[in-house]
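# Coordinate inspection notes
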Amino acid sequence: MEGKMIGPGPYRATKLWNETIRLFRGGMPVRRHWSRFRSYDSSFSAAEAVDWLHQLLRRNHNFGPEVTRGQTLQLLRKFLKNHVIEDVKGRFGKEDFDDNGHLYRFPPQSPLKPLPQRRPCTDSMFAPKMPCWDEYENITSENSVPIKPRILNSETWNKRHSIAIGEVHECKLIRRREITPKHIDQIWKSMTLADLQRALGLQSLNGILDTQHLSPKHIVHNIYNVNKQGIVHLKNKSDDIHHWALSAMKCLANWPNGSSTEQPMYPGFERDVFRTVAEYFQKQREPLLTFQFYEVFVNILGLLHKPELATEALQVCCLLLPPANRRKLQLLMRFMAQVCHNSSLPPLNDAIGTRTLMVQTFSRCVLSSSDEIDLDELLATKLVTFMMDNQESVLKVPSNLQRSVEDHISHLRRAQFQKSYSEIYRRRFPTAESEAAVLPDRPQWLKPHLMFRSLKSQPLQPFQRSWSFRT
């Protein structure tokens, strides 16, 4: 039973939980079992549950073959805790699955999680609303000066605007509203959300993201306050990774050149350093992608089979993070990738490989849900694996979005300047008609193919010297 693919949309995490339970209850073989001289109908053992559910998850398109047996055990423990299954004595959460012979059964009541009630969609929910001000409406009316595209590129505008702005104070014009930083923040927020909605292929972000609590200042900070490698700079250094954790990350990433001579070197030293890094991130109050954006990132998991689209969506989503979270995420993903590719580093675990260890250790530090009734272990593993393998592109600033917003803001400023200071605008940004009135007519040069024909029809005459400088 592979189940149906749960695509992007509202409450995807809840739908995945319910779909997994439906498949488990509908397909798990049950029969009569004997235990301590008693028989239990419609039951299954712990070993049978682990084997069957593990295969189900591996074949399911929502999760894939990367699901481990350990993750299946964790999910079954969560099922037991949340009354999806019970032991044969009717108890919930009292037993563990380490005893492969222990018996379980499905309770009669429905364990499905109800979907939250969605607010009725209005037209304004289908696309994030762009700010609209009276100053920028009908700017191409009779009294306004038409914009000349070949002159009003950003570079030319910035040069001429710096000159023209000096003349503004000489004009006696009525008081008007300016494009304030608040307006600019709203533009960044609206255009970023519109880009995210387009990447996810949704008509609305309703039920996926609460846009009211979104900070546009985080977006602007994450785009412009970065170093040459694109890593976010923080104004408040107390929000940064602790120096001892950062030193431990550099030590393993650059092994064996990353450890200073002052540090003790002993067998297993590298494992202790790794444990230091793991404990730091595991003790964070919430995952790096935050509980607020859990549903958004879960929706991107429908898209991982389209890597370019998934990368684009992740680029935009990661801009929404608080700068401190984005910086930690960038450094953690770089650390994980560097450790996986460091062939000089000794094995950090005897049972599993370094790549698997990285994903299993840090998945829930990156993505997890505040709700116990979720499949965050499975979903986090899939997402973090993709982000680690594509960390350079995923955590880049989306250049198309940045350029679009900057061009839009520049256009609004030109429009406002044009309407408020029409005389200055007319002098500094002339139209084709006004240029023709003041500039002399330019000679009409022959087109190249006409010139060639003219030369061809009149062959060159041999050179004849008529006089000389020599005496």
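Residues numbered from 1 in each chain as written. Predicted model: local features only at pLDDT ≥ 70, side-chain atom pairs only at ≥ 80, totals over all residues. Heavy atoms only, no water.

Before going further, it helps to examine the overall build of the protein chain. Broken down by element type, the protein chain carries 18 helices and four strands. Here the protein chain holds 471 residues, and the buried ones make up 45% of them. At a minimum sequence separation of 6, the contacts of the protein chain that also span at least 24 residues come to 72%. Carbon and sulfur atoms form 52% of the exposed surface of the protein chain, whose accessible area is close to 27400 Å². (Helix = DSSP H or I, 4+ residues; strand = E, 2+ residues; numbered from the N terminus. Buried < 20%, exposed > 50% of the residue type's maximum accessible area, 1.4 Å probe, protein only. Contact = heavy atoms within 4.5 Å. Areas by Shrake-Rupley, 256 points an atom, 1.4 Å probe, with all protein chains shown as cover.)

Turning to the packing of aromatic side chains, a few remarks are in order. Under the counting rule described, the total for this entry stands at 14 aromatic pairs. Geometrically, the ring pair formed by Trp 244 and Tyr 280 is edge-to-face, given 5.7 Å between the ring centres and 90° between the ring planes. Of the two residues, Trp 244 is situated in helix H7 (residues 243-253) and Tyr 280 in helix H8 (residues 269-282); the sequence distance between them amounts to 36 residues. The rings of Trp 17, Phe 24, Phe 44, Trp 52, Phe 79 and Phe 106 are connected pair by pair, giving a single aromatic cluster. (Phe/Tyr/Trp six-rings, centres within 6.5 Å; stacked < 30°, edge-to-face > 60°.)

What follows is about the side chain of Asn 18. Structurally, Asn 18 is set in helix H1 (residues 12-27). Those residues in contact with Asn 18, other than ones at most four positions away along the chain, are Leu 112 and Lys 113.

Attention now goes to the sheet that holds strand E3 (residues 86-87). Taken together, four strands build an open sheet; the order of strands is E1-E2-E4-E3 and the sheet is antiparallel. At either end of the open sheet lies a strand with only one pairing partner, and these are strand E1 (31-35) and E3. Pairing geometry for E1 and strand E2 (residues 38-45), over four bridges, is antiparallel. When the bridges of E2 are listed, Arg 31 appears paired with Ser 43. Most of the contacts of helix H2 (residues 46-59) go to E2, to which it runs at about 20°, and overall it touches E1, E2 and strand E4 (103-105). (Pairing = 2+ DSSP bridges. Axes fitted to C-alpha atoms, helices over the stretch in contact; angles between N-to-C directions.)

This part takes up the nonpolar core. One finds Phe 335 and Phe 362 to be the most contacted residues of the largest nonpolar core, which totals 111 residues. Judged by nonpolar contacts, the second largest core, of five residues, contains Phe 417, Ile 424, Tyr 425 and Phe 429. (Core = buried A, V, L, I, M, F, W, Y, C linked by side-chain atoms within 4.5 Å.)

Take the confidence of the model for the protein chain next. Summary statistics for the protein chain give a mean pLDDT of 80 and a share of 74% for residues scoring 70 or more. Taking the mean pLDDT of every element in the protein chain, the minimum, 46, falls on helix H4 (residues 154-164) and the maximum, 97, on helix H11 (residues 323-340). (pLDDT = per-residue confidence, 0-100.)

Turning our attention to the environment of Asn 349. Mapped onto the fold, Asn 349 is located in the loop between H11 and helix H12 (354-366). Residue Asn 349 is classed as partly exposed on the basis of its relative accessible area, which comes to 28%. Between the alpha carbons of Asn 349 and Arg 271 there is a distance of 7.8 Å; along the sequence they are 78 residues apart. A polar contact of 2.7 Å, which involves the side chain of Asn 349, links it to the backbone nitrogen of Ala 351. Within the structure, Asn 349 has its side chain in polar contact with the backbone nitrogen of Ile 352 (distance 3.2 Å). (Polar contact = N/O pair within 3.5 Å; in protein donor to acceptor, adjacent residues only side chain to side chain.)

Counting through the fold element by element, Arg 69 comes out in helix H3 (residues 69-81). Along the chain, Arg 69 and Arg 58 lie 11 residues apart, while their C-alpha atoms are 9.8 Å from each other. Setting aside residues up to four positions removed in sequence, Arg 69 forms contacts with Val 50, Asp 51 and His 54.

Right, let's get into helix H5 (residues 181-200). Helical geometry: 3.6 residues make up each α-helical turn, so side chains three or four residues apart lie on a common side. If you check H5, its first and last C-alpha atoms are 29 Å apart, about what 20 residues at 1.5 Å a residue would give, namely 28 Å. Counting buried positions along H5 yields 15 of 20 residues, so the element is predominantly enclosed. Trailing H5 by a residue or two, Gly 201 shows a phi angle of about 70°, which is positive. (Expected span 1.5 Å × (residues − 1).)

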